[in-house]
Structure formats: C-alpha cells, structure tokens
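Survey of secondary and tertiary structure
Listed below are the residues making up each chain.
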Amino acid sequence: MAIRTVLRMGDARLLQRAVPVSDFASLPDLLVDMRDTMKAQGGVGLAAPQIGVNLRVVIFEVEANPRYPDAEYVPETVLVNPYITPLDDKHDEGWEGCLSLPGLRGLVSRWTHIRYQGCDEYGALIDRTVSGFHARVVQHECDHLEGVLYPMQMQDMSRFGFSDLLFPNNDTQDE
Ligand code: NI
C-alpha cells in the first residue's frame, strides 16, 4: 500500500473528534497504510486522524530496544473504538513526542494505571490492564481521537522543546 503523509500540528483535521468505526471491511487497507507510515517514520504509535482518516482507530508497538531500557515492550496492537478507564488517581510524568510535531518533546502527566478496552480489526474484544509506558502510549494515541495533541495536556510549557537540544545524546521515538 502506501506510506501516507502525517498531518502536522496546525492542521485543523487533527483537532476533530474522530467517529466510531462501524464498517470493519474498510479497515485492512487503512491498517496497512497506518503500519507502513508508522514504521517509515520510526514511530511507536499512530492514530488514523494523523493520516487524515477521521475514524477511531489507533495502532502502537514498542519493540524491546536496549537503547530505551525504560521503554518496556508493548505488543503490536490495533485498537478500534477504544475506551480508557483510569484505575486510580496516580499519575506519572514522562517525555512524549508525536509524529505530528516532528523534532519536539514535552513532559506530560498521564494516568499510571489504566484499563483499556476496544476491539481489534476483526472485531474481537481487547481488554487489558496496563501501567507505565504502555499506559502512556495508549493515552497519547487515544487523545488523538478526541482532537487532543500532547502539548494541550502539558502543565509546564518550559518542559517543551526540540529533542536534539533536550536530549543531545539520545535519539528518541515519536508517538
Ligand atoms: Ni501523537
């Protein structure tokens, strides 16, 4: 299929609320493009609205990588019509990036422990209880479905900047 252009912050389509998927027949082609685009850009996640498709579909995958010892493995997941429930009030701060804000990083507070539910591309139910980086990635991707980009969740804009200046010794991945 195709590597698609990722919309960048400033494009009004990123601020729309995405609509639930009812016709699963159209998903295979969309998912091929989403996977191709995410991998080509080196991302750990992608939401359909980021390639201009206003549907409630996200994908994510964090491969084990010795350069990111804090980024635990997250299996490749397709999540359709997701729903997140925080399991307690605990939050963690962590640095995030996004393919829609290339080159930038910001410190974002997210729920530490969540349950997420939805279904895969075949309609099979997904119901997982996760924490830490896995929980962060899911919250970041699902925010895209509400038209929310991570800077809109930031509490301290002094912790927002270009990743090559914030982390001169590391390359980092985008969500
Ligand atoms: Ni993103």
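Description of the structure in this document. (Residues numbered from 1 in each chain as written. Predicted model: local features only at pLDDT ≥ 70, side-chain atom pairs only at ≥ 80, totals over all residues. Heavy atoms only, no water.)

Attention shifts here to the pattern of salt bridges. For the structure on display, the rule yields 12 salt bridges. Here Asp143 ties to Arg110 by a salt bridge, and the two come within 2.8 Å at their closest N and O atoms. Placement of the pair is Asp143 in helix 2 (residues 132-145) and Arg110 in strand 5 (residues 104-111), with a sequence separation of 33 residues. For Asp143, a relative accessible area of 14% translates into the label buried. Look at Arg110 and you get buried, because its relative accessible area is 5%. One salt-bridge network, held together by shared partners, links Glu96, Arg110, Arg136 and Asp143. (Salt bridge = Lys/Arg side-chain N within 4 Å of Asp/Glu carboxyl O. Helix = DSSP H or I, 4+ residues; strand = E, 2+ residues; numbered from the N terminus. Buried < 20%, exposed > 50% of the residue type's maximum accessible area, 1.4 Å probe, protein only.)

Turning to the packing of aromatic side chains, a few remarks are in order. Summed over the entire model, instances satisfying the criterion amount to three aromatic pairs. Relative to Tyr116, the ring of Phe60 lies with its centre 6.1 Å away and its plane at 75 degrees, an arrangement referred to as edge-to-face. With a gap of 56 residues between them, Phe60 in strand 2 (residues 57-62) and Tyr116 in strand 6 (residues 113-119) connect regions that are remote in the sequence. Each member of the pair Phe60 and Tyr116 is classed as buried. The interplanar angle of 75 degrees and the centroid separation of 6.1 Å between the aromatic rings of Tyr150 and Phe160 together place this pair among those described as edge-to-face. Taken together, the residues Tyr150 in the loop between helix 2 and strand 8 (160-162) and Phe160 in strand 8 connect sequence positions 10 residues apart. (Phe/Tyr/Trp six-rings, centres within 6.5 Å; stacked < 30°, edge-to-face > 60°.)

Moving on, we come to the sheet that holds strand 2. By way of backbone hydrogen bonds, the strands of a sheet pair with one another, either parallel or antiparallel. Spatially, the five strands line up as an open sheet ordered 1-2-3-6-7, and their pairing is antiparallel. Strand pairing shows two members of the sheet lacking a second neighbour, strand 1 (45-47) and strand 7 (125-131), which therefore form its edges. For this sheet, the mean inter-axis angle between neighbouring strands, taken without regard to orientation, is 35 degrees. With five bridges connecting them, strand 3 (residues 74-86) and strand 6 associate as antiparallel partners. Residue Ile84 lies in a different strand from strand 6, and its bridge partner there is Tyr116. (Pairing = 2+ DSSP bridges. Axes fitted to C-alpha atoms, helices over the stretch in contact; angles between N-to-C directions.)

Considering the arrangement of structural elements, one finds Arg13 in the segment before helix 1 (27-41). Sequence separation of Arg13 and Gly147 is 134 residues, and the distance between their C-alpha atoms is 8.0 Å. Separated by 2.8 Å, the side chains of Arg13 and Asp11 make a polar contact. (Polar contact = N/O pair within 3.5 Å; in protein donor to acceptor, adjacent residues only side chain to side chain.)

Counted at 1.5 Å a residue, the expected span for helix 2 with its 14 residues is 20 Å, and the 21 Å between its end C-alpha atoms agrees. Counting buried residues along helix 2, 13 of its 14 residues qualify, which places the element largely inside the surrounding structure. Just beyond helix 2, the residue with positive phi is Gly147, at close to 75 degrees. (Expected span 1.5 Å × (residues − 1).)

What follows concerns unusual backbone geometry. Even without being glycine, Asn81 reaches a positive phi, approximately 50 degrees. Tracing the chain through its elements places Asn81 in strand 3.

The next point concerns the pairing of strand 6. Relative to strand 7, strand 6 is paired through seven bridges, and the arrangement is antiparallel. Counterpart to Gly118 in the pairing with strand 7 is Ile126. Counted along the chain from strand 6 to the antiparallel partner strand 7, the turn is five residues long, and its residue Gly123 has a positive phi close to 90 degrees.

Okay, the side chain of Glu61 next. Inspection of the secondary structure puts Glu61 in strand 2. At 2.9 Å, the side chain of Glu61 and the side chain of Lys39 are in polar contact. Apart from residues lying up to four places away in sequence, Glu61 is in contact with Met38, Lys39, Val44, Val74, Pro75 and Glu76. (Contact = heavy atoms within 4.5 Å.)

On their own, these measurements won't tell you what the molecule is for.
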